[in-house]
Amino acid sequence: MDTFFQQLINALSLGAIYGLFALGYALVFSVLGVLNLAHSAVFMTGAFFGLVLIDKLQLPLIVAFPLAMIGAGLVSVALEFIAFRPLRRRGAPRISQLISSIGASILLVSITQLLFQNLYGGTDAYFPRGLVPDEPILLGGLRIVPIRVIILIAALGMMVILQAVVSRTQIGQHMRAVAFNQRVAALLGINVGRVFVTTFFIAGALGGAAGMLYGLVFLNVSPFIGSDVALVGLTAIVLGGLGSINGAVLGGILVAALQTFSTAIGGSSYRNIVVFGILFLLLLVRPQGLLGQPDSTRT
Amino acid sequence: MVRRVFALILVLALLAPAVMAQDEEVLQMGFWEECEDPAGLPETVTIGAIFAQSGAASVYGISQSQAVDLAVAEINELAYLGEGVTLEVIYADSAGDKEQAIAAMTKLVEEDGVVAVLGPTLSSEAFSADPIAQENGVPVMGVSNTAAGITDMGDFVFRDSLPESAVIPGTIAQATEALSLTQVAVLYGNDDDFTISGYDVFVEALEANYVEILAEATFAKGDVDFSAQLTTLLGTNPEALVISALAAEATQIIVQARQAGYTGPIIGGNGLNSPAVLTNSGEASEGVIVGAAWNIASPEALSTAFIEAYSAAYEDAKPDQFAAQAYTGAWLMATAIRCGDSAESLAIRDSLAEIVDFPSPLGMFSFDEDRNPVHTPVVQIATGGAFAVLGAEMTEE
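Moving on: the domain arrangement of chain B. Residues and elements named next belong to chain B. According to the domain assignment, chain B consists of domain 1 (2-162 + 298-376) and domain 2 (165-292). The C-alpha-based centres of domain 1 and domain 2 are spaced at 30 Å. With 15 residues of domain 1 at the interface, the matching set in domain 2 holds 17 residues. Elements supplying a minimum of two residues to the side of domain 1 that touches domain 2: α4 (123-136) and α11 (321-340). Considering every element that reaches the side of domain 1 that touches domain 2, the biggest residue donor is α4, with 3 residues. Grouping the constituent residues of the side of domain 1 that touches domain 2 by class yields 9 nonpolar, 4 polar and 2 charged.

Attention shifts here to the packing of helix α5 (residues 146-168) of chain A against helix α6 (residues 170-180) of chain A. Any two packed helices are characterised by how steeply their axes cross, that is the angle between the axes, and by the distance between the axes. All names here are of chain A. Where α5 contacts α6, the axes come no closer than 5 Å and their chain directions differ by 75 degrees. As far as their axial angle goes, α6 and α5 are roughly perpendicular. Each of Val165, Val166, Ser167 and Arg168 in α5 lies in contact with α6, whose residues at this interface are Ile171, Gly172, Met175 and Arg176. Residue classes in the contact of α5 with α6 are distributed as 4 nonpolar, 2 polar and 2 charged.

Another aspect to go through is the environment of A:Val149. Residue and element names in this part refer to chain A. Note that Val149 resides in helix α5. Taking the C-beta count within 10 Å as the criterion, Val149 has 16 such neighbours and is therefore assigned partly exposed. Separated by 62 residues in sequence, Val149 and Leu87 have C-alpha atoms that sit 42 Å apart.

Before going further, it helps to spend a moment on the nonpolar core. Membership of the largest hydrophobic core comes to 132 residues, with the highest contact counts inside it found for B:Val117 and B:Leu241. Sorting elements by how many residues they give to this core places α11(B) first, with 13 residues. What B:Val117 contacts, discounting residues up to four positions off in sequence, is B:Ile47, B:Gly48, B:Ala49, B:Ile50, B:Met105, B:Leu108, B:Ala133, B:Val138 and B:Val140. Judged by nonpolar contacts, the second largest core, of 100 residues, contains A:Val77, A:Val178, A:Ile237 and A:Leu279.

Another point: unusual backbone geometry. Residue and element names in this part refer to chain B. Cis rather than trans, the peptide bond between Gly119 and Pro120 has omega equal to -10 degrees. Mapping Pro120 onto the fold places it in the loop between β3 (117-118) and α4. A positive phi is found at Ala79, a non-glycine position, where the angle reads about 55 degrees. If you trace the backbone, Ala79 turns up in the loop between α2 (58-77) and β2 (86-93). We note that Tyr210 has phi near 60 degrees; this positive angle belongs to a residue other than glycine.

What counts and how
Residues numbered from 1 in each chain as written. Chains lettered and ligands numbered in written order. Predicted model: local features only at pLDDT ≥ 70, side-chain atom pairs only at ≥ 80, totals over all residues. Domains from an automatic or database assignment. Contact = placed C-beta atoms within 7 Å. Helix = DSSP H or I, 4+ residues; strand = E, 2+ residues; numbered from the N terminus. Nonpolar A, V, L, I, M, F, W, Y, C, P; charged D, E, K, R; others polar. Axes fitted to C-alpha atoms, helices over the stretch in contact; angles between N-to-C directions. Parallel < 35°, antiparallel > 145°, perpendicular 65-115°, else oblique. Buried ≥ 20, exposed ≤ 12 C-beta atoms within 10 Å, placed from the backbone. Core = buried A, V, L, I, M, F, W, Y, C linked by C-beta atoms within 7 Å.

Written out as structure tokens, the structure reads:
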């Protein structure tokens with residue numbers, strides 16, 4: 001039984017990172033109606049900024065973390081200006097924006113790889129150990145590593161804040177209006193361009209936070225860590241329901257739980273078969289995902 | 001490039017006194033007496049080297065290329081291939097990827113026309129790329145391939161890296177005796193030739209030593225979260241954790257096993273045998289036991305000389321086993337060229353196959369009839385962030 005709860009803790013903390021990452025996907029998708037496939041690269045830049053700030057500039061974690069989030073947010077905004085806006089202006093179809101985001105992702109990874117080569121003489125580096133106390137908390141028969149609790153709290157906290165921003169603030173209202181219909185929103189006097197920039201910034205900051213947490217748990221950072229979560233994040237938002245904030249987090253935790261328990265029971269080889277098998281079955285029964293709503297009431 | 005040039009200058013600066021010191025009968029690498037100075041070589045002899053210089057396996061690939069640079073600088077400086085003959089290396093990055101290793105081998109052999117190839121870094125890359133060298137009749141020498149069956153690919157395929165099948169049985173036998181093991185748990189990567197063949201040999205060796213395997217779990221290359229597997233394995237209360245993994249995954253496994261409250265010994269294959277694994281896993285590495293072809297604490301005179309030269313060339317960096325094997329590999333290749341007095345691929349192959357009792361940092365080195373290396377391995381234990389020789393520690397007690 002202890003083993004079960006221990007595995008549950010493993011799954012929840014991994015799921016929190018997946019969920020946080022998937023939030024950014026979900027946010028951009030619900031406001032723009034476009035998948036930003038460079039989001040995994042933004043995730044990676046978050047971890048990379050955090051690493052450089054802590055390891056090279058010797059900043060304390062408490063300062064480096066928000067800075068890394070802001071950095072990743074700005075990278076995400078740059079994506080909007082470089083990969084999305086010019087295409088949207090020319091009325092390019094959404095599929096072109098998707099492809100251009102893949103290109104942007106490759107570009108970001110390559111730039112970071114170059115920076116890694118120069119800063120670390122290789123393609124991976126490690127966060128210094130002991131940034132977060134790693135003495136496990138003993139709870140009954142359970143051993144809980146503090147960082148795993150921290151990421152769970154951080155992810156849930158950010159989810160609640162995001163939910164509040166979207167539903168209670170003016171910018172949230174604008175985002176929902178733009179998501180509902182860009183043209184109508186523009187006619188109502190909403191600065192659509194600014195809403196897009198804000199959306200990309202928030203999505204990027206969340207992705208960056210996920211990347212930073214990922215780095216803190218596993219210590220290792222490389223330009224390629226984005227690919228670890230890219231597919232998982234997509235699965236999470238489809239599973240949870242495209243465009244749903246709670247759905248993204250739920251989806252992330254579900255994917256992590258499926259991965260963890262299938263690894264624990266059957267070995268890692270069957271992990272993705274289980275995850276994608278369940279995704280497939282769910283989509284047959286409920287195409288809009290677990291918490292998804294019909295298109296007209298998105299966000 | 002700038003770094004390479006800088007390194008080269010450092011090497012040359014260091015070698016100047018070394019060459020002068022030859023008069024004092026300092027043991028010098030190479031068959032200087034055994035083979036006459038070659039006379040029939042062209043001005044430039046070009047060999048290729050395929051190492052994983054990017055990606056997860058770059059932990060190995062970068063130290064390998066640095067070691068080869070060092071060896072080649074020495075070989076040219078000492079005119080090992082005769083006056084006026086330069087050994088040149090063309091590097092290609094395999095990135096830990098089979099497809100890229102194939103592309104690299106094709107380019108080196110068919111476009112650049114190299115006479116011999118060192119590498120590739122991973123066994124999985126070797127299985128994909130070496131057949132191209134074999135078909136083209138170009139000798140290829142793995143300097144870090146330890147999976148079973150590498151040299152079965154053909155008579156042009158060599159390696160100077162002891163296979164897991166030669167290192168692991170000794171590791172398990174010594175560890176079982178030193179720690180009185182009876183029950184262990186095993187964790188291994190099941191999508192990589194190297195980690196699978198390591199696992200097979202571990203299981204065989206454990207059985208031979210009457211050690212029971214309580215539980216087994218697997219992971220895939222690129223995994224970072226091992227908490228699920230470790231929770232399952234450690235739930236069976238093993239006396240030791242046996243892992244067959246590459247460095248990147250091994251580091252995570254060691255750290256996460258300690259976080260999960262495991263304090264016992266962790267016995268690993270060749271992938272764990274890198275100072276980078278110890279540095280990156282910090283205190284968690286205490287008690288990691290690894291068999292190896294080479295240890296930095298080796299008493300061999302040539303080994304000490306190699307460590308000094310490497311540290312001088314690379315800003316005080318300490319070489320690992322991969323560097324020692326790559327360095328030896330480059331010298332072996334040059335020796336084959338020297339002794340065969342030919343830059344033809346076939347002649348190099350034949351002359352390579354005849355190398356016996358070559359003094360090297362790895363000890364007295366020979367190729368057996370299957371082109372596999374023969375030399376004595378060491379079993380090491382991590383203490384205070386460095387590898388000590390397990391046997392040595394036991395005699396001290």
